[in-house]
Amino acid sequence: LKITVLGVGGMGSRFALMLHQAGNDVTLVDGWQANVDAIRQNGIQANFNGKQVAAKMPIYTPAEVAQAGLQADLIVVFLKSNQLTATFSQVRALIGKDTYVLCLLNGIGHEDVLEEFVAKDHLILGITMWTAGMTGPGQVELLGDGEVELQNFEPAGKDFAQQVVDIFQGAGLNPHYSENVKYSIWRKACVNGTLNCLCALLDCNIGELGKTAEAPALLHTIIAEFAAVAVKEGIKLDTEEVYQHVAATFTADIADHYPSMHQDLVQHHRRTEIGFINGAVARKGQKYGIATPYCTLLTQMVHVKEQLLGAK
Ligand code: NAD
């Protein structure tokens, strides 16, 4: 199976490296020129749980894909949500009629963007609890353990999705075939839809947010908005369980962690995925006639902060 990892940042590097180490045929495509240059020269260089490793794989920019005649059986996409449309528009040549796309990005509604580029029965969606961080072009820190939960978007994709589970199993990625991945996607989006935007706007870490008197009410209100919209998409979130799941982070090992939106926006002045988290809930709420005042305001405020900081 020819696998292309599209978006070789932190997570793309992790999946590429682990799939490559397990003997799979992996090609990389990334749009950040400095990153492409570094990987071409030295491979992906990783601190892999304290051990320094390097792995060389062919790498192309999106603009080079068509000329190189690249085609993939499986595209594992690890762009940021807000890069999907622009990048997929550039790599259409990569997608043949038998190509599957696996999307493990945080957020909701990616299928609405991806259906322009790949048939829905060739789409596999999921979530991952693996983590990764870039420390420079071509350099990543890959610490800890994780898992992957995935499912074909439509019944016709089931055999291929199970094939992906087997390949990921062989690479030590701890995959599970899910019978209801949409529920998991919405549940994880509630974590990102509370902690990410609040910590980025308030410039605090997870534990600091959790110590404030208002945190429980904020979480409950935001999660209730997610749940009200999710019902319209056939997903009935257990809001109290989801609240407990999010609130548990306030006292967990990751309490001193700044969520990725804080890192992207406040620390690196990069545009955020808010449009696919709270922004998606606000957009869908409008479509279904459901008021989502908190998600709407949080989305607007993050966009304001992006502009104030000149985020790219
Ligand atoms: P990332 O920002 O590391 O990489 C995404 C893309 O941005 C890559 O193409 C990368 O080359 C590019 N990029 C990174 N730094 C850049 C810079 N300084 N200038 C220009 N381009 C740059 O993103 P990620 O953390 O790998 O996340 C990918 C997806 O996975 C997102 O949807 C994210 O929410 C999700 N996710 C991330 C983690 C994590 O721990 N990082 C965990 C679970 C899910």
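Note that the structure is a prediction, hence the values are computed from the model and not measured.

(A) Looking closely at the site of the ligand. Close to the ligand lie 22 residues; G10, M11, D30, R270 and E273 are nearest. At 3.0 Å, a backbone N or O of A132 approaches a nitrogen atom of the ligand. Contact between the ligand and E273: an oxygen atom at 2.6 Å from a side-chain N or O atom of the residue. Burial of the ligand by the protein amounts to 82% of the accessible area it has alone, namely 800 Å². Broken down by class, the residue content of the shell around the ligand amounts to nine nonpolar, eight polar and five charged.

(B) Inspection of the side chain of D264 at higher detail. Mapped onto the fold, D264 is located in helix α11 (residues 260-267). For D264, a relative accessible area of 10% puts it in the buried group. Excluding its chain neighbours within four sequence positions, the residues that come into contact with D264 are K80, H269 and R270.

(C) Representation of the packing of aromatic side chains in the model. Using the criterion set out here, one finds five aromatic pairs in the structure. Note on F88 and F117: the rings are 5.5 Å apart at their centroids and 35° apart in plane angle, and the pair reads as tilted. With F88 in helix α4 (residues 84-90) and F117 in the loop between α5 (110-114) and β8 (123-128), this pair connects stretches of sequence that are 29 residues apart. Of the two residues, F88 and F117, both sit in the buried class. One aromatic cluster is present, built from ring pairs that chain together F15, F78 and F168.

(D) Just the layout of surface pockets, in detail. Of the voids in this model, the second largest pocket is the one considered here, and its volume is about 210 Å³. The wall of the second largest pocket is formed by 17 residues, among which G109, E111, W186, E233 and K284 lie closest to the centre. Listed by contribution, the elements that provide at least two residues to the lining of the second largest pocket are α5, β8, α7 (181-202) and α12 (278-288). Residues that form the lining of the second largest pocket fall into these classes: seven nonpolar, four polar and six charged.

(E) Structural context of the environment of G210. Mapped onto the fold, G210 is located in helix α8 (residues 206-210). A residue is classified by how much of its surface remains accessible, and G210, at 24% relative accessible area, is partly exposed. Between the C-alpha atom of G210 and that of A255, which follows or precedes it by 45 residues, the distance is 8.4 Å. Beyond its immediate stretch of four places on either side in the chain, G210 contacts A215 and F250.

(F) Just the pairing of strand β2 (residues 25-29), in detail. Most of β2 is tucked away, with four of its five residues classed as buried. One ladder, built from five bridges, connects strand β1 (residues 2-6) with β2; its direction is parallel. Bridging across to β2, L6 finds its partner in V29. Running through helix α1 (residues 10-21), the crossover from β1 to the neighbouring parallel element β2 is right-handed.

(G) A look at the environment of S178. Among the secondary structure elements, S178 is positioned in the loop between β12 (175-177) and α7. On the accessibility criterion, S178 (7% relative accessible area) is buried. Put simply, S178 and V148 are 30 residues apart on the chain and 9.5 Å apart in space, counted from C-alpha to C-alpha. If near-sequence neighbours (up to four positions away) are discounted, S178 is found in contact with E149, L150 and Q151. In this structure the side chain of S178 is engaged in a polar contact, spanning 3.1 Å, whose partner is the backbone nitrogen of V181.

Definitions and limits used
Residues numbered from 1 in each chain as written. Predicted model: local features only at pLDDT ≥ 70, side-chain atom pairs only at ≥ 80, totals over all residues. Heavy atoms only, no water. Near = heavy atom within 4 Å. Polar contact = N/O pair within 3.5 Å; in protein donor to acceptor, adjacent residues only side chain to side chain. Areas by Shrake-Rupley, 256 points an atom, 1.4 Å probe, with all protein chains shown as cover. Nonpolar A, V, L, I, M, F, W, Y, C, P; charged D, E, K, R; others polar. Helix = DSSP H or I, 4+ residues; strand = E, 2+ residues; numbered from the N terminus. Buried < 20%, exposed > 50% of the residue type's maximum accessible area, 1.4 Å probe, protein only. Contact = heavy atoms within 4.5 Å. Phe/Tyr/Trp six-rings, centres within 6.5 Å; stacked < 30°, edge-to-face > 60°. 1 Å grid on protein atoms, 1.4 Å probe; cavity = no way out; pocket = protein on both sides within 12 Å on 5 of 7 lines; lining within 4 Å. Points joined across faces, edges and corners; volume = space filled by probe spheres on them. Pairing = 2+ DSSP bridges. Right-handed = clockwise from strand over helix to strand, strands pointing away.

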